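Single-letter residue listing:
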Amino acid sequence: MSNIVDFILVTGIILTLIAIIGLIKVKKKALPQYILGVIWLAILDVLLFFYAVLRDINVLESITYYVQDGVRFLIPPLVYVYIKSIFLEKRNLIRANLFHFIPFLLYLCGYTIPSSLRLELFHIELIQDHIELALEKDLYGIFYFVISLRLFYNMRKALKNNYSKIGEKDFLWIEKFLYSFLLVLVIDLLITLSELLFAYDVFWDSYITAIALVVAIGYLGYYGLTQSTIFLPDFLIENHLRNPAITKTKPSVIANDQKNVLMATYTRIMKDEKRYLSSDISLRELAQEMELPERKLSAFFREVLKSNFYDSVNAFRVAEAKVLLKSDAVELHSITGIGLSCGFKSKSSFYRIFKKHMGMTPLKYAKQQ
């Protein structure tokens, strides 16, 4: 059994090293890459600790213990700041979020180091006798992963106000990253609860969490380490971070006499010039063509069209695809080719958005004609 666990841990260590090396090789590193690098280093520390314990490598166990012991106070806040760094391009982002790491530093200096030195301090004995540290760590970590997911989905929602497409490959890995490590913490929480409820204590149960961690790493490695390079305008992000409902209660930005003018301009650009055929068209580009500030164009979609940039542009693409799917183009081109020619970025986005609008796939729609 130990040989199997040994093999799994070594595999996890190798995969983590590959991830770290991959980040090191990135020539132009941004803040997200640096934060992700720290996260992978912390994960490497955890795996090395479990390997050292399994193989009785005392020196390695002592070195890796200090981070591993409080890693659930460290990685979850790091992940939260990592998500922020992807969407918020601000110079003082790290400084403004340092308070998230106070619990880890307090635990390291107030408990991990003194207990490793076997100092007989009153508060250490109090913690050991009356606090279930494993349970507190798991709940703390799960809380941060939950708010990280909430932040991620808010940002993804805000993206629809700014881009006509979502970089699904960019965001798929981030989403899987969050859910994978959240699942690892949930598994560890279930193990901890079972220990408390059934009053048992065995050394091998912690390796279940370690194995789950390696599986998560392997799963993420399968999809590859992709990084989003999309940054949203601050005013969109701040609205969603404060309260998504705020935008509904704000006074009208578009004057009544401007609404018809803007509608005519927007319709001309979309219907006559067919700008929606460009898969990379953004709110900024359209605002420049309409000679409007981005904020005002965003308000136009919200107040006049009762929609957002993403959905509005894709409605034109779906309409274009419907025309082509009814024509002889189906015999000359593939269904996917038709979708790409209409401005969709990929087959998956074409099928997903078309089905959302029409209630059926493009293929089924074409067959019915």
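Conventions and cut-offs
Residues numbered from 1 in each chain as written. Predicted model: local features only at pLDDT ≥ 70, side-chain atom pairs only at ≥ 80, totals over all residues. Heavy atoms only, no water. Helix = DSSP H or I, 4+ residues; strand = E, 2+ residues; numbered from the N terminus. Buried < 20%, exposed > 50% of the residue type's maximum accessible area, 1.4 Å probe, protein only. Contact = heavy atoms within 4.5 Å. Phe/Tyr/Trp six-rings, centres within 6.5 Å; stacked < 30°, edge-to-face > 60°. Lys NZ or Arg CZ within 6 Å of the ring centre and 35° of its normal. Expected span 1.5 Å × (residues − 1). Axes fitted to C-alpha atoms, helices over the stretch in contact; angles between N-to-C directions. Nonpolar A, V, L, I, M, F, W, Y, C, P; charged D, E, K, R; others polar. Core = buried A, V, L, I, M, F, W, Y, C linked by side-chain atoms within 4.5 Å. Salt bridge = Lys/Arg side-chain N within 4 Å of Asp/Glu carboxyl O. Patch = residues over 30% accessible without salt bridge, like charges linked within 9 Å, V, L, I, M, F, W, Y side chains within 5 Å. Areas by Shrake-Rupley, 256 points an atom, 1.4 Å probe, with all protein chains shown as cover.

Novice: How should the overall build of the protein chain be read in this particular structure?
Specialist: Along the backbone of the protein chain there are 20 helices and zero strands. Sorting the 369 residues of the protein chain into buried and exposed places 47% on the buried side. The long-range fraction of contacts in the protein chain, counting pairs at least 24 apart against all pairs at least 6 apart in sequence, stands at 74%.

Novice: Looking at this model, I keep getting lost on the side chain of Glu-320. Mind explaining?
Specialist: Looking at where Glu-320 falls in the secondary structure, it is placed in helix 16 (residues 309-326). Residue Glu-320 is classed as buried on the basis of its relative accessible area, which comes to 16%. Here Glu-320 is in contact with Lys-274, Tyr-276, Leu-277 and Cys-342, once residues within four sequence places are set aside.

Novice: Explanation requested: the packing of aromatic side chains in the structure shown.
Specialist: Each aromatic ring pair is specified by the distance between its two centres and by the angle formed by the two planes. Tallying each qualifying case throughout the model produces 24 aromatic pairs. A network of ring pairs unites the aromatic residues Phe-73, Tyr-80, Tyr-107, Tyr-111, Tyr-140, Phe-143 and Tyr-144 as a single cluster. In this structure, Lys-347 is placed above the aromatic ring of Tyr-351, and the distance from its NZ or CZ to the ring centre is 5.7 Å.

Novice: In this structure, what is going on with helix 4 (residues 71-87)? I would like to understand it.
Specialist: One turn of an α-helix holds 3.6 residues; hence residues three or four places apart share an orientation. With 17 residues, helix 4 extends 25 Å from end C-alpha to end C-alpha; this agrees with the ideal 24 Å at 1.5 Å per step. With 17 of 17 residues buried, helix 4 is to be regarded as a mostly interior element.

Novice: Hey, could you run me through the packing of helix 3 (residues 58-68) against helix 6 (residues 102-116) in this one?
Specialist: When two helices pack together, their arrangement is given by the angle between their axes and by how far apart the axes lie. Between helix 3 and helix 6, whose axes approach to 9 Å, the crossing angle comes to 145°. Of the residues in helix 6, those touching helix 3 at Tyr-65, Tyr-66 and Val-67 are Phe-104, Leu-108, Thr-112, Ile-113, Ser-115 and Ser-116. Residue composition of the contact of helix 3 with helix 6, grouped by class: six nonpolar, three polar and no charged.

Novice: Sorry, what's going on with helix 15 (residues 294-303) here?
Specialist: Counting buried residues along helix 15, seven of its ten residues qualify, which places the element largely inside the surrounding structure. Residues of helix 15 that are buried: Glu-294, Leu-297, Ser-298, Ala-299, Phe-300, Phe-301 and Glu-303.

Novice: Hey, could you run me through the nonpolar core in this one?
Specialist: Soluble globular proteins: nonpolar side chains tend toward being buried together. If you look at the biggest cluster of nonpolar residues, it comprises 64 residues, and the most contacted ones within it are Ile-39, Trp-40, Ile-43, Tyr-82, Phe-177 and Phe-181. Breaking this core down by element, the ones donating at least two residues are helix 1 (2-25), helix 2 (31-54), helix 4, helix 6, helix 7 (122-130), helix 8 (133-159), helix 9 (168-198) and helix 10 (205-223). No other element matches the twelve residues that helix 4 contributes to this core. Judged by nonpolar contacts, the second largest core, of 19 residues, contains Ile-254, Leu-262, Ile-281 and Met-290.

Novice: Would you take a moment to explain the pattern of salt bridges for this structure?
Specialist: Think of it this way: side chains of opposite charge can pair up when their charged atoms draw near. Evaluated as defined, the whole model comprises eleven salt bridges. Among the ionic contacts, a cluster of salt bridges with common partners joins Arg-72, Asp-138 and Asp-188.

Novice: It is not clear to me how a nonpolar patch on the surface should be interpreted in this structure. Could you clarify?
Specialist: On the surface, a nonpolar cluster with roughly 690 Å² of combined accessible area is contributed by Leu-183, Val-186, Leu-190, Leu-193, Leu-196, Leu-197 and Phe-198. By the secondary structure assignment, Leu-190 is in helix 9.

Novice: So what exactly am I meant to see when it comes to the environment of Ala-42 here?
Specialist: Here Ala-42 lies in helix 2. Residues Ala-42 and Leu-74 lie 32 residues apart in sequence; the distance between their C-alpha atoms is 8.3 Å. Discounting residues that sit within four places of it in the chain, Ala-42 has contacts with Val-71, Leu-74 and Ile-75.

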